[in-house]
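Here are the chains, one letter per residue:
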Amino acid sequence: HSVAVLGAPFSKGQKRRGVEHGPKAIRDAGLIERLSNLDYPVHDFGDLSFQNLDKDEPYMQVPFPRSVGRANKLLSEAVGSAVASGHTTVMLGGDHSLAIGSVEGHARQCPDLCLIWVDAHADINTPLTSPSGNLHGQSVAFMLKELQNKMPELPGFSWVKPFLSAKDLVYIGLRDVDPGEYDILKELGIQCFTMRDIDRLGIQRVMEVTLDHLLSRKQRPIHLSFDIDAMDPSLAPATGTPVNGGLTYREGIWITEEIHNTGLLSVMDLVEVNPVLGASREAVEVTASLAVDIIASSLGQSRQGGPIAQTQTL
Ligand SMILES: N/C(=N\O)NCCC[NH3+]
Ligand SMILES: [Mn+2]
Ligand SMILES: [Mn+2]
Ligand SMILES: [Mn+2]
């Protein structure tokens, strides 16, 4: 099947400028030709354009709720139609609040999807537990049916009906979990593999348990939501909330190769690349180039190489 690439230049899920330039930085690092070298057609849908709302006052200490809600409604429709057209879809962020629209739009087409959240952070605060109010740290809370009774009605989010069950979600890479998030993760019994678990078990075992947890009962579409800050900051410095002690390059690529090998990847997000925050041009380039490697290996690029492509003539 074919791959669709969708840019979402959006930053109002958090307060640092620059993450709206993430899609361009990832494209400039050669994403489209790297994907074209794999074995299927690539459709670049370009970038969504998000309307600027002049009035969008904070609500319960949450900044830009209407802008974030509206952007995600637009993204949900775009991702939904890409999936409906049969594409494996890559959403380029932008901050991680965009996962609300990406996963919601995917779930409308594939209600039985499962979600693999690769991130230093759980992004499962509610507006009431969030220390900062930033919506990019609350994305998962809007998705979970089990949190419905803990979520206030936010302006701009009336269109979102929770669609995911806690058992259909696995976290990999956690190392900076807020107290409110810790309580929610424990209460809901969500399967988490923190960096400590990865140190203990090794990434091969973590992926074995992850894929068994999500797929052993029933094979179903996978949504991979990959926050570049899951990777060690030495590999991905140009991002908004770096946390030391992250995934090695090889751990990140093991995760994405294993997900590719299921043949079930349907949508992936690659978010939080912020070119403005790189201390040098080189720092921006290594971050964007890593993002391309993560996406390409999720879609079939392999360290083992592969056969001559059907489309190539000798
Ligand atoms: N990168 C972030 N989420 O993935 N930042 C917000 C979360 C901070 N608790
Ligand atoms: Mn995140
Ligand atoms: Mn993060
Ligand atoms: Mn972030």
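One structure accompanies this document, and this report is about it. (Residues numbered from 1 in each chain as written. Chains lettered and ligands numbered in written order. Predicted model: local features only at pLDDT ≥ 70, side-chain atom pairs only at ≥ 80, totals over all residues. Heavy atoms only, no water.)

### Comments concerning the side chain of Asp197
Then step 1. Locating Asp197 in the fold gives a position in helix α6 (residues 195-201).
Then step 2. A distance of 2.8 Å separates the side chain of Asp197 from the side chain of Arg200, its partner in a polar contact.
Then step 3. Excluding anything up to four places from it in sequence, Asp197 contacts Cys192, Gly202 and Val206. (Helix = DSSP H or I, 4+ residues; strand = E, 2+ residues; numbered from the N terminus. Polar contact = N/O pair within 3.5 Å; in protein donor to acceptor, adjacent residues only side chain to side chain. Contact = heavy atoms within 4.5 Å.)

### As for the pattern of salt bridges
Then step 1. Summed over all chains, the structure comprises 15 salt bridges.
Then step 2. Between Arg27 and Asp47 there is a salt bridge, with its nearest N and O atoms 2.5 Å apart. Taken together, the positions of Arg27 in helix α1 (residues 22-28) and Asp47 in strand β2 (residues 42-47) put the pair 20 residues apart, joining distant regions of the chain.
Then step 3. Among the ionic pairs, Asp168 bridges to Lys167, the shortest N-O distance being 3.3 Å.
Then step 4. Each of Arg27, Asp44 and Asp47 takes part in one network of salt bridges that share partners. (Salt bridge = Lys/Arg side-chain N within 4 Å of Asp/Glu carboxyl O.)

### Let's talk about the packing of helix α8 (residues 249-262) against helix α9 (residues 281-298)
Then step 1. Packing of α8 against α9 brings their axes to within 7 Å, and their N-to-C directions diverge by 30°. In this view, α8 runs roughly parallel relative to α9, as classed from their interaxial angle. From α8, Tyr249, Gly252, Ile253, Thr256, Glu257 and His260 reach across to α9, where they touch Leu290, Asp293, Ile294, Ser297 and Ser298.
Then step 2. Taken together, the residues that form the contact of α8 with α9 break down as four nonpolar, five polar and two charged. (Axes fitted to C-alpha atoms, helices over the stretch in contact; angles between N-to-C directions. Parallel < 35°, antiparallel > 145°, perpendicular 65-115°, else oblique. Nonpolar A, V, L, I, M, F, W, Y, C, P; charged D, E, K, R; others polar.)

### What to know about the side chain of Arg175
Then step 1. Mapped onto the secondary structure, Arg175 falls in the loop between β5 (169-174) and α5 (179-188).
Then step 2. Summary of buried charges: Arg175 has no salt-bridge partner, and the nearest side chain of opposite charge, Asp229, is 5.6 Å away.
Then step 3. Within the structure, the side chain of Arg175 is placed 2.8 Å from the backbone oxygen of Asp229, a separation counted as a polar contact.
Then step 4. Within the structure, the side chain of Arg175 is placed 3.1 Å from the backbone oxygen of Asn244, a separation counted as a polar contact.
Then step 5. Contact partners of Arg175, with chain neighbours within four places excluded, come to Ala120, Met195, Asp229, Ala230, Met231, Pro233, Val243, Asn244, Gly245, Gly246 and Leu247. (Buried < 20%, exposed > 50% of the residue type's maximum accessible area, 1.4 Å probe, protein only. Lys, Arg positive; Asp, Glu negative; His and termini not counted.)

### Digging into the layout of surface pockets
Then step 1. The volume enclosed by the largest pocket comes to roughly 500 Å³.
Then step 2. Along its surface, the largest pocket is lined by 25 residues, and Leu38, Asp39, Tyr40, Leu299 and Gly300 are the ones closest to its centre.
Then step 3. A per-class count over the lining of the largest pocket returns 10 nonpolar, 14 polar and one charged.
Then step 4. Looking at the second largest pocket, its volume works out to about 340 Å³.
Then step 5. The wall of the second largest pocket is formed by 20 residues, among which His121, Ser132, His136, Gly137 and Thr241 lie closest to the centre.
Then step 6. For the lining of the second largest pocket, a count of residues per class yields one nonpolar, 10 polar and nine charged. (1 Å grid on protein atoms, 1.4 Å probe; cavity = no way out; pocket = protein on both sides within 12 Å on 5 of 7 lines; lining within 4 Å. Points joined across faces, edges and corners; volume = space filled by probe spheres on them.)

### Remarks on the coordination of the manganese ion (ligand 3)
Then step 1. Around the manganese ion (ligand 3), the protein contributes the donor atoms Asp119 (OD), His121 (ND1), Asp227 (OD), Asp229 (OD) and Asp229 (OD), at 2.1 to 2.4 Å from the metal centre.
Then step 2. In the primary structure, the donors to the manganese ion (ligand 3) are separated according to the pattern D-x1-H-x105-D-x1-D.
Then step 3. A separation of 3.3 Å is found between the manganese ion (ligand 3) and the manganese ion (ligand 2), both of which receive a donor from Asp119. Side by side, Asp119 and His121 carry an identical accessibility label, which is buried. (Donors = N, O, S within 2.8 Å, 3.2 Å for Na, K, Ca; no water.)

### A look at the site of ligand 1
Then step 1. Every residue near ligand 1 is listed here: Asp119, His121, Asp123, His136, Gly137, Asp178, Asp227, Asp229 and Thr241.
Then step 2. In the environment of ligand 1, an oxygen atom lies 3.1 Å from a nitrogen or oxygen atom belonging to the side chain of His121.
Then step 3. Thr241 has a polar side-chain atom sitting 2.6 Å from a nitrogen atom of ligand 1.
Then step 4. A total of 290 Å² of accessible area belongs to ligand 1 in isolation, and the protein chains cover 88% of it. (Near = heavy atom within 4 Å. Areas by Shrake-Rupley, 256 points an atom, 1.4 Å probe, with all protein chains shown as cover.)

### Structural notes on α5
Then step 1. Residues of α5 that are buried include every one of Gly180, Glu181, Ile184 and Leu185, and no others. One side of α5 carries all its buried residues, which in axial view fall inside an arc of 135°. Of the residues in α5, the exposed ones pointing more than 90 degrees away from the buried face are Pro179, Lys186 and Glu187.
Then step 2. Contact partners of the buried residues in α5: β5 and β6 (191-194). (Arc of directions from axis to C-beta.)

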